[in-house]
Each structure stands twice: as structure tokens, then as C-alpha cells.
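# Geometric and topological summary
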Amino acid sequence: MREQLSDEILGKAYDSKLMKRLLTYVKPYKKYVVLAIFLNVFVAGLAPLRPYLTKIAIDTSIANKDYESLTLITALLFISLLFQAIMQYGLTYFTQLMGQKIIYDLRVQIFSHVQKLALKFFDKTPVGRIVTRVTNDVESLNELFSSGIVMVFSDLFIIMWIFVFMFSLSFDLSLITLSVLPALFYATFLFRRKVRESYRDVRFHLARLNSYMQERVGGISIVQLFNKQKRELKKFKGINKDYRDANIKSVFYYAIFYPTVEILSSLAVALIIWYGGGKVFESTMTLGILFAFVQYTEMFFRPIRDLSEKYNIMQTAMASSERIFKLLDDKTIIPDPEKPVKLSEFRGKIEFKNVTFAYNEGETVLKNVSFTIEPGQTVAIVGATGAGKTSIVNLLSRFYEIEQGEILIDGVNIKNMRKEDLRKLICVVLQDVLLFSGTIKGNINLNNSAIGESEIKKAAAMVGAHNFINNLPQKYDEKVQEKGATLSVGQKQLISFARALAYDPKILILDEATASVDTETEILIQQAIKKLLSGRTSIVIAHRLSTIQNSDKIIVMHKGEIKEMGTHQELLAKRGIYFKLYQLQYKDQEITKTA
Ligand code: M5T
Ligand code: MG
């Protein structure tokens, strides 16, 4: 909850440091900015010109019954309107174009940065928040670039022009128009503060609604299984109501503010007609000037009203950019060495030397772990849940940095290798298989065109996945849903094996799933594993000890430490932890057999 709140904090409407950095994104599109400003000056200048033209029409043409000049002025009025419309179109088009181009760049930058971040970052950052950066936050910057910056200029330009025209026409009447300003500023000030509060409320309740929906829809099977629909609906209604009320409140402020501005501007117009009318009677002012002034006064209030909305855009954009830059500045990246070592010839020896590691400071997960795997060997790691088996794998792939000790491949510290080179050697078949939405084919070669159709089929056949894939309506082109939702656990496992085989890694790591599959699939998987392991250095993490009896070495982990090490027979003879584990499973099997 508090995290969400920090997401909703609104800061200043203008922060020069942030703005400076934001402008670096505008730099590549300088020509659009120049064009927009150019169009802006014209658009801003054209509107205030019209009341002045009317003044001439009334005072000169109409007063003197001069048809010719009246026609000319009417034509000028029309042309200026036409010009304004065309330029307005250009202005809108180019500013939107620029805005879209800038946020495209930003999204690319954020995504590519996020891909570089170490797992440690994702351990502490919910996915939803990163998605919000790329969508909502970037979108509010679009508003800043496309309508914010340029339009603020145009509003200021218009106000300035109107001022120039008004004061050149009549000083008294200008003062009358300005006399309403304090009230207008005060109303704007109040409105801004209230809208800002309600905006924050709206965002907060929206975030709540989103995360609630996401979680409940994600866990729909649990909701239905436990018949929680009614309760969930009631809760949702509550959250939805808060969101609705927050929205109504913010609409309410707009509903008050706009009419207030209207009333103030009508008041100014009335004052001008009353005072100016008197002056026209006295013949100290022409009718044309009075007429022009009424128009200027009406024109004057719109940009001022709009500016308060621009203020909100600026404020949201500043808060969004702050969050985006914070993400872009996150340095949770595992660095590549300056002078990377390349393995000239891979043999396949893996060494852990006194490795100590913690995900969070002070909570040691691995203590002084040392072992060696000779080239081509298969080593198994066993141990209770939470013993640190997966963590060993994470370290070998250098997903996390170790505090003490070193990990060597063929005698080279993995810290001295480029991450890319290191990970090219390794393939990990994870505990929970991750499939991407796409096709079966694409999930086996991960859309790497170097691995062709025949290699995909060969790999699938070798791990025994070919049969079930061939029975699918679309075979290898069968669509896979997000996370492989339409496939069984065993099928997903086989596909991930095919993926590993297709990539033909030098080092293979299997992190066996605890989930059990039927005997037939189990046999398939066992056979697949055998094929995967042959001829490469492998690490197998297994819960079923039957999988690993033939390993060259078995490492027994307990609470982050290696307690026993040896072959199956050696460890049984020791009558230690492994022996106990083995007995337990053996007993289990006896029970299931007799049952
Ligand atoms: C060992 C903690 C976990 C446990 C210990 C992967 C991971 C683990 N841990 C974290 O804090 N963050 C992480 O990202 O580390 O966990 P493990 O290495 O995953 O244990 P395992 O693979 O032996 O267990 P299992 O259940 O897979 O057999 O305290 O909290
Ligand atoms: Mg594990």
C-alpha cells in the first residue's frame, strides 16, 4: 500500500533538472520544435488580429459607408481564419508527431534498460510497476511534449498579443479587464490545489482497482474453487465505489471552475460595455474600439483558463519523468569485465571455491560451498527444500554476485568472462518451465533462425516430445498461450528439454520440478534427461533420487552447506543424510506400490 502511495506522489510543476534531461529527448527532433514555434507565433498572432480588423471595419468602413474597404476587411477576416485553421492543423500534427516519436524512443530505452537489470532488481520490484512506467508514465510525457510545452508557449503568446492590442486601443478599458484578474487568479489557485488532490486520489484508487483485478483474474481458479465470487464481488464493489467517488469529486471541481471563469469573463465584458458605452456617448471613444474590446476580453480568458490545465499536465509529467528516470538510473546491473577472458577451447570443468552468498544482506543462503565437476561429468545436487540448490545454479549463471569465494569454468573466474559468453555455454532447464506466447516451434528455438525446422524436430524427437506435438492440430505451429496455459506440466517439461537440446549447450543444468507426472511421461522424461546429459558437463537437481543414482557425484546440501559428497554407493555406505533421504523415498515407493 505504501509503495503505491509513493507512486502517486506529485511534486513540483517545474523542475529545471528534470526538464533539462527531458529536453535531451527532444534534441533529435529539433526541426519539429522550430517548426512548431514558428507556426505558434503565427497562430497566436492571428487571433488577436481579428478584433482589431473589426474595429477598423466599424470605425472606418461602416462609419464612412465605404463598401470597398468593408469588403476588403471582410476578406482579410476570412483569410486570417482560414490561415489560422491550416496552421492550427500543422501545429497539432507536428507536435503530436514529435510527442509520439519521443515517447517511442523512451519506451525503447526503458525496455532495453530493464532487460539489462540483474535479477536482484526484479526480486524487489513488482512487474506491474515496471509496466506502469512504460505505459502510463510515458503517456503522460507525451501530453507534455505534444500539448504541454508548445501550447504553453502559444497561450503565453496569445495573452501577450492581446495585451499589446488592448493597451494600444484604450488604457482605461484595459485596466477594467485586468481588474477581474485577481479574482480569476484566486479561483485558479483554489481549483489547481483541489484538482491536484483529487487527481492524486483518482490515481491511487485506480492503482488499487488495477492490482485487485489483476490478482483476482490471475487467481480465478482459486476464487471459483473456494466459491469466493460473492465475497470478491463485494470487495470489488467497495474499491470501485472509492474510484467512482474520487472521479466524481474531480469532475465536480471542473464543473465549478469553468462556470466561474465564464461568470468572471461575463462580468468583465459587462463592465466594459457599461463604462465603454458611456464613453461612446461622450464621443471620447469609437464604437469600433468598444466592439474590439468585448472580443479581446472574451479571448483573454480562454488561455488563462487553459493555462491552469497545462499546469496539471506539467505536474503529472514531472512526477512521471522522475519515476522514469529513477528506473533508468537504477544501477542494479552485473558489470562485464573491462578485459574479458575468452575461453579458447572449452573443456567443461566447473569449480566452486569457498562460495558464500546471500540474497539479502545478513541472510546467508550458501556457506563456504566448494566442489569440482570434471569435464563431461554429471553431478547431482540433493537436499531438502530451501537448502540452496537453485541458488547454486543462479550463481553459476551469474544472475547474482557472490560475496566471497570464486566460481571457475576451465580455470577462468566467471567474473572475468563476458556474461554473454558465459551464458552461451550454459543451458538451464528450470523448475517451473516458462513458455512464451507464440508457437511450439518458436518456444523450442526461441525464434532463433539459426535453429531451423529440422533441428527443432530432431531435438523434439530425441526428448520424446515429437509424438504429442505431432498430434496437435497445427503440429509445430500450434499456438501456445501465455505461460503455456493450454499444455500439461509434462508436455511443457518436454518442450523445455527440446529447447535445451536444440541449443546444444556445453553445460547443462536441470532443476527438476517437484510436481509429479504420470508414469508414462515420467519414463519419457527420464529418457529425455539421459539423452540431454550425455557428452556434457551437467548438474542435476533432483527430488526423485531414482533420477540421479548413476551420477558421477552426488552433493548433499543442508541449510546452505555441503554435508556429504560422493557416489550413490559411497553415500549409502556412509549412512548419513543421503541414506536417510533414500530410505524415506524408498518407503514412499513401497507404500504406493502396495496401495
Ligand atoms: C535457498 C532463498 C530462499 C531459501 C534459500 C531462488 C531464491 C531463493 N531465496 C531467495 O531469497 N531469493 C531467491 O530468488 O534462498 O533457496 P533455493 O536455493 O531456491 O532452495 P532449493 O532450490 O534448494 O529449494 P527447492 O524448494 O527448489 O528444493 O531460503 O528463501
Ligand atoms: Mg530449487
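Residue numbers run consecutively from 1 along every chain, following the written order of its sequence. Labels follow written order: the first chain is A, the first ligand is 1, and so on. Given that this is a predicted model, residues contribute local features only at a pLDDT of at least 70 and side-chain atom pairs are listed and counted only at 80 or more, while totals for whole chains, interfaces and linings are drawn from all residues. The basis for the side-chain values is all heavy atoms of the structure; hydrogens and waters are excluded.

Residues enter patches when their relative accessible area tops 30% and they take part in no salt bridge; the joining distance is 9 Å for like charges and 5 Å for the nonpolar side chains Val, Leu, Ile, Met, Phe, Trp and Tyr. With residues, only the protein chains shown are counted as cover, and all accessible areas are computed by Shrake-Rupley using a 1.4 Å probe. Every case where a carboxyl oxygen of Asp or Glu lies within 4 Å of a side-chain nitrogen of Lys or Arg is listed as a salt bridge. Taken together, the side chains of Phe78, Ile79, Leu82, Phe83 and Ile86 make up a nonpolar region of the molecular surface, amounting to roughly 510 Å² of accessible area. Here a strand is any run of E in DSSP of at least two residues, a helix any run of H or I of at least four, and the numbering for each starts at the N terminus. Relative to the helices and strands, isoleucine 86 resides in helix H4 (residues 67–116).

Attention shifts here to the side chain of serine 496. Locating serine 496 in the fold gives a position in helix H17 (residues 489–503). Summary of the burial criterion: residues with accessible area below 20% of their type's maximum are buried, those above 50% are exposed, and those between are partly exposed, where the area comes from a 1.4 Å probe applied to protein chains only. Judged by relative accessible area, which is 6%, serine 496 ranks as buried. Definition of a polar contact: a pair of N or O atoms within 3.5 Å, with one able to donate and the other able to accept a hydrogen when the atoms are protein atoms, and with sequence-neighbouring residues admitted only if both atoms are side-chain atoms. One polar contact links the side chain of serine 496 to the main-chain carbonyl oxygen of glutamine 493, over a distance of 2.7 Å.

Before going further, it helps to spend a moment on the pairing of strand S2 (residues 364–373). Each regular strand shows side chains that alternate between the opposite faces of the sheet. In this scheme, strands are said to pair when DSSP sees at least two bridges between them. Two elements, strand S1 (residues 350–358) and S2, share six bridges in a ladder whose sense is antiparallel. When the sheet's bridge partners are listed, isoleucine 350 is paired in S2 with isoleucine 373. Remark: five residues form the turn of the hairpin made by S1 and S2, two consecutive strands paired antiparallel; glycine 362 in that turn has positive phi of roughly 90°.

What follows covers helix H12 (residues 389–396). In terms of burial, H12 is largely enclosed, as seven of its eight residues are buried. Note on H12: the residue one or two positions beyond its end, arginine 398, has a positive phi of about 55°.

For a helix, the expected span equals 1.5 Å multiplied by the number of residues minus one. Compared with the 48 Å implied by 1.5 Å per residue over 33 residues, the 47 Å span of helix H3 (residues 30–62) between its first and last C-alpha is a close match. For H3, the principal kink sits at leucine 49 and spans about 25°; a proline, proline 51, occurs within the next four residues. Fitting axes to the seven residues that end at a residue and to the seven that start at it, the angle between those axes gives the bend at that residue.

Turning to the nonpolar core, a few remarks are in order. Of all hydrophobic cores here, the largest spans 44 residues; its most connected members are Ile440, Ile444, Ile469, Phe497, Leu510, Ile548 and Tyr578. Only heavy atoms enter the contact rule, under which two residues are in contact if any of them lie within 4.5 Å. Among residues more than four places away in sequence, those in contact with isoleucine 469 are Ile440, Ile444, Ala460, Lys475 and Tyr476. Take the buried Ala, Val, Leu, Ile, Met, Phe, Trp, Tyr and Cys residues and link them wherever side-chain atoms come within 4.5 Å; each set so joined is a nonpolar core. Judged by nonpolar contacts, the second largest core, of 35 residues, contains Phe257, Val269, Phe293 and Phe300.

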